[in-house]
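Summary of the model geometry
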Amino acid sequence: MTSPLPEGTDRPGQELGRLLLNTGAMSADWAPAFAAVPRSHFVPDLAWAWDEEQGRSVAVNRAGDPDGWLAAVHTDIPLVTQWDDGNHTGTEPGQLSTSSTSQPSLVMSMLRDLDVHPGLKVLEAGAGTGWNAGLLAQRLGSRQVVSIEVDPAIAARATVNLATTGLNPHIVTGDGELGWPTGAPYDRIIATYGLRHIPHAWLQQTRPGGIILAPWGTHYSQRDAIVKLTVADDHHSASGHFTELVGFMKARDQRTPYPEHATHVPEFPGNADTTHRTARTADDLGGPWDVQPFVIGLAVPDVTHVLAHDDAGHSTTAWFYSLTDTSWAAVTWPTDEPQTTTTVYQSGPRRLWQAVEHALDWWDEHNRPAIHRFGLTISDHHHTPWLDTPDHPVPTPAA
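Our subject in this report is the structure included herewith. Not measured: the values here are computed from a predicted model. Residues take numbers from 1 onward in each chain, read along the sequence in its written order. Given that the model is predicted, a residue must reach a pLDDT of at least 70 before its local features are reported, and side-chain atom pairs must reach 80 or more before they are shown or counted; all residues, however, enter totals for whole chains, interfaces and linings. Calculated side-chain values reflect all of the structure's heavy atoms, with hydrogen atoms and water omitted.

**Topic: the packing of aromatic side chains**
Two rings belonging to Phe, Tyr or Trp (six-membered ring only in the last case) form a pair when the distance between their centres is within 6.5 Å. Interplanar angles under 30 degrees mark stacking, angles over 60 mark edge-to-face geometry, and anything in between is tilted. Summed over all chains, the structure comprises 14 aromatic pairs. Both rings, one in Trp48 and one in Trp83, keep their centres 6.0 Å apart while their planes meet at 85 degrees; by these two values the pair is edge-to-face. One end of the pair, Trp48, is in strand S1 (residues 46–51); the other, Trp83, is in strand S3 (residues 79–83), and 35 residues separate them in sequence. Here Trp48 matches Trp83 in class, with each residue buried. Ring centres 5.2 Å apart and planes at 80 degrees place the aromatic pair Phe242 and Phe294 in the edge-to-face group. Placement of Phe242 in strand S11 (residues 237–246) and of Phe294 in helix H9 (residues 292–299) is noted, with a sequence separation of 52 residues between them. Secondary structure elements follow DSSP: runs of H or I no shorter than four residues count as helices, runs of E no shorter than two count as strands, and numbering proceeds from the N terminus. The buried label applies to any residue whose accessible area, calculated with a 1.4 Å probe on protein chains only, is under 20% of its type's maximum; exposed applies above 50%, and partly exposed to all values in between.

Written as structure tokens, this is what we have:
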């Protein structure tokens, strides 16, 4: 657990609060809850912060460097609190970050978009450290908040952390994708981890007109976008716009099943089709925080990709792998040899690169819409992304 700081030593939290207000990430109605529920009560003594200069996660340890720990806690950055689903020890980072306390500006902007007010009941999927549940409980009352956490150890720590702040929302140990029908119906459901499929149970457990707010994305990239869905009267569908691009740890059973390269490409180029050439460049694919990867994922389902740079920095290769068969594609762009067209290698029943090109052409033809123009409609069996309105679905190769 994390012990509360002595009174008067948590001033950096006040500075962070002012920053969040000034930037608009936190609305004024959330400021009292933010002040009453300090993040410092929820960050363990050992956590990991991303160091831009080193390009890696670095431990911040309260026991050895209390000032450094406090500075990290009250900086607008996410902090990893668990690696490798708990199968990790020591201060060096593990292989896969699997729990964290999210970036404060993102926490507060999601709570702002959740649009809560006294009297509403909220289900949170993914308790984590308990900070988000604590903010909700402070605003709505502990009896109005249920938080479900799949990891028993994390759930136990969240309960203790909340108790240090005098809050006791109901923490359930279980699979968040099943919701918690005992407490249903809910006016709001909020997820604190990335999803590739929004559970049917959440539709069933949300009141008509209620809101589901969740990070959602495709397997094409690790990026998500926050989607704000309004549940229909029949509980069988929900629809709404995306608000912003984000990066969240994924639900344990919805992590991207990265294919083995050798399974798709036992030898290169093998029998690949090389008849297609492209004038597109690597830059056209967009960077991690650009909208292009998200759009490609919407338009080219069940595909993932990797950008590889050769050790000497002379070329960049984009690899695309189908997750439903052994189709693959590859395009290599020399960095020091300008050229108008590039050979494309494609194999298998799907022509993946041409599907990517069609997605980018469609995005260009619609004046390169930003993320907030896109939306999603979910039903019992389908997730349908759209542009501007639900009657304009994003075209896919099968459409």
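Right, picking up where we left off after that structure.
**Observations regarding the nonpolar core**
One finds Ile198, Trp202, Phe242, Leu285, Phe320, Trp353 and Phe374 to be the most contacted residues of the largest nonpolar core, which totals 55 residues. Ranked by the residues each element gives to this core, the list is headed by helix H10 (residues 352–365), at eight residues. We call two residues contacting when some pair of their heavy atoms lies within 4.5 Å. Each residue touching Trp202, except ones within four places of it in the same chain, is listed here: Ala125, Gly176, Glu177, Gly179, Ile189, Ala191, Tyr193, Leu195, Ile212 and Ala214. In terms of nonpolar packing, the next biggest core, distinct from the first, is built from 33 residues, Val107, Trp131, Leu140 and Leu162 among them. The definition of a nonpolar core used throughout is a set of buried Ala, Val, Leu, Ile, Met, Phe, Trp, Tyr and Cys residues joined through side-chain atoms within 4.5 Å.

**Description of the sheet that holds strand S15 (residues 328–334)**
The rule for pairing is simple: two strands pair if DSSP sees at least two bridges between them. With respect to topology, five strands assemble into an open sheet ordered S12-S16-S15-S14-S13, the strand pairing being antiparallel. Bordering the open sheet on either side are strand S12 (277–278) and strand S13 (303–309), each of which pairs with just one other strand. Bridge count between S13 and strand S14 (residues 315–322): seven bridges; the pairing is antiparallel. In the strand pairing of S14, Thr304 is matched with Tyr321.

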